[in-house]
Structure formats: C-alpha cells, structure tokens
Amino acid sequence: MFFLALLIIGVGLMFIASPRYVTHASNRRIMDRTTSKLIGYSLIIMSCLFLIRGVLQMLDQASHHVGH
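Residues numbered from 1 in each chain as written. Predicted model: local features only at pLDDT ≥ 70, side-chain atom pairs only at ≥ 80, totals over all residues. Heavy atoms only, no water.

## Observations regarding the overall build of the protein
(1) Moving on: A count of helical and extended segments in the protein gives two helices and zero strands.
(2) Moving on: Among the 68 residues that make up the protein, the fraction classed as buried is 16%.
(3) Moving on: Of the roughly 5,800 Å² of accessible surface on the protein, a fraction of 71% belongs to carbon and sulfur atoms. (Helix = DSSP H or I, 4+ residues; strand = E, 2+ residues; numbered from the N terminus. Buried < 20%, exposed > 50% of the residue type's maximum accessible area, 1.4 Å probe, protein only. Areas by Shrake-Rupley, 256 points an atom, 1.4 Å probe, with all protein chains shown as cover.)

## Quick look at the side chain of serine 47
(1) Moving on: In this structure, serine 47 sits in helix 2 (residues 28–67).
(2) Moving on: In terms of polar contacts, serine 47 uses its side chain to reach the backbone carbonyl oxygen of isoleucine 44, at 2.9 Å.
(3) Moving on: Excluding its chain neighbours within four sequence positions, the residues that come into contact with serine 47 are Ala5, Ile8 and Ile9. (Polar contact = N/O pair within 3.5 Å; in protein donor to acceptor, adjacent residues only side chain to side chain. Contact = heavy atoms within 4.5 Å.)

## Digging into the side chain of serine 36
(1) Moving on: Tracing the backbone shows serine 36 in helix 2.
(2) Moving on: With sequence-adjacent residues up to four places away left out, serine 36 is seen in contact with Phe15 and Ser18.

## Remarks on helix 1 (residues 2–16)
(1) Moving on: End to end, helix 1 covers 21 Å across 15 residues, agreeing with the expected 21 Å (1.5 Å per residue, within 8%).
(2) Moving on: Of all the residues in helix 1, the buried ones are Ala5, Ile9, Gly12 and Ile16. Angularly, the buried residues of helix 1 cover 60 degrees about the axis, an arc narrow enough to put them on a single face. Facing away from the buried surface of helix 1 by more than 90 degrees, the exposed residues are Phe3 and Met14. (Expected span 1.5 Å × (residues − 1). Arc of directions from axis to C-beta.)

Geometric descriptors of this kind do not, in isolation, establish any biological role.
Below, the structure is given as structure tokens:
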C-alpha cells in the first residue's frame, strides 16, 4: 500500500516537474503545462489521502484486536 502511494507521488512529481515548452507562436503549450501541474498536484493530494486512510485503517484493526 505504501509502495503504491509512493509510486503515485512520484508520478505526480513528474507531472509537476515536466520540462517547459513555451513558444511564442502558440498559447496551447502553456495551457498544457497548467493542466499537467493540476494533474500532478491532484495525484499528490490523492496519494496523501490514501496514506491517511491506510494509517487509520491500521489503527482501527489494532484497536479492534485489543478489545477482544
């Protein structure tokens, strides 16, 4: 689970740190850069929420085991 979250964070960082292709002839590549950064940030936030959910699930399993 943690390996998968780290993999998603790595992919998100690749989207954020993608090389800039800015040309004066077209504004489309600048918009593609903005979309790429948005995808990268959303992947990182999603994986952080995934890690939080996994930690809460592990704590729930540990507390359930203690009660029985």
